[in-house]
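Inside the fold
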Amino acid sequence: MVFTLGLYSFYWVYKTNCYLKDDLGKDVSPGIRTFLMIIPIANIIVFYQTLEDMNQFIKQEKKLNLLILQV
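The rules behind each value
- Residues numbered from 1 in each chain as written.
- Predicted model: local features only at pLDDT ≥ 70, side-chain atom pairs only at ≥ 80, totals over all residues.
- Heavy atoms only, no water.
- Helix = DSSP H or I, 4+ residues; strand = E, 2+ residues; numbered from the N terminus.
- Buried < 20%, exposed > 50% of the residue type's maximum accessible area, 1.4 Å probe, protein only.
- Contact = heavy atoms within 4.5 Å.
- Salt bridge = Lys/Arg side-chain N within 4 Å of Asp/Glu carboxyl O.

**Quick look at the side chain of T34**
Topologically, T34 is positioned in helix α2 (residues 30-36). Accessibility expressed as a relative area gives 14% for T34, which makes it buried. If near-sequence neighbours (up to four positions away) are discounted, T34 is found in contact with F10, V13 and Y14.

Rendered as structure tokens:
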């Protein structure tokens with residue numbers, strides 16, 4: 001926190017949401033989600049939504065891997 005002055009969280013949210021949008025095809029707006037990180041209550045909601053989207057992707061990958069292993 002001392003070295004990045006809290007800016008890394010904004011970078012992480014932006015890059016993670018870019019990954020969700022570009023690579024995984026999720027309908028998210030990285031710029032809006034990053035901007036909402038400034039607003040006190042909205043930042044909790046945005047962080048939760050980002051983690052939920054990533055968790056959903058992880059669950060899909062596990063199902064796909066299990067299906068491949070069964071074949």
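**Some thoughts on the pattern of salt bridges**
Within this structure, the stated rule accounts for two salt bridges. In this structure, the salt-bridge partner of D53 is K26, at a minimum N-O distance of 3.7 Å. Within this pair, whereas D53 is found in helix α3 (residues 40-70), its partner K26 is found in the loop between α1 (7-22) and α2, the two being separated by 27 residues in sequence. Using a relative accessible area of 12% as the deciding quantity, one classes D53 as buried. The shortest N-O distance in the salt bridge between D53 and R33 comes to 3.1 Å. In this pair, D53 sits in helix α3 while R33 sits in helix α2, placing the two residues 20 residues apart along the sequence. Several salt bridges share partner residues, and in doing so they unite K26, R33 and D53 into one network.

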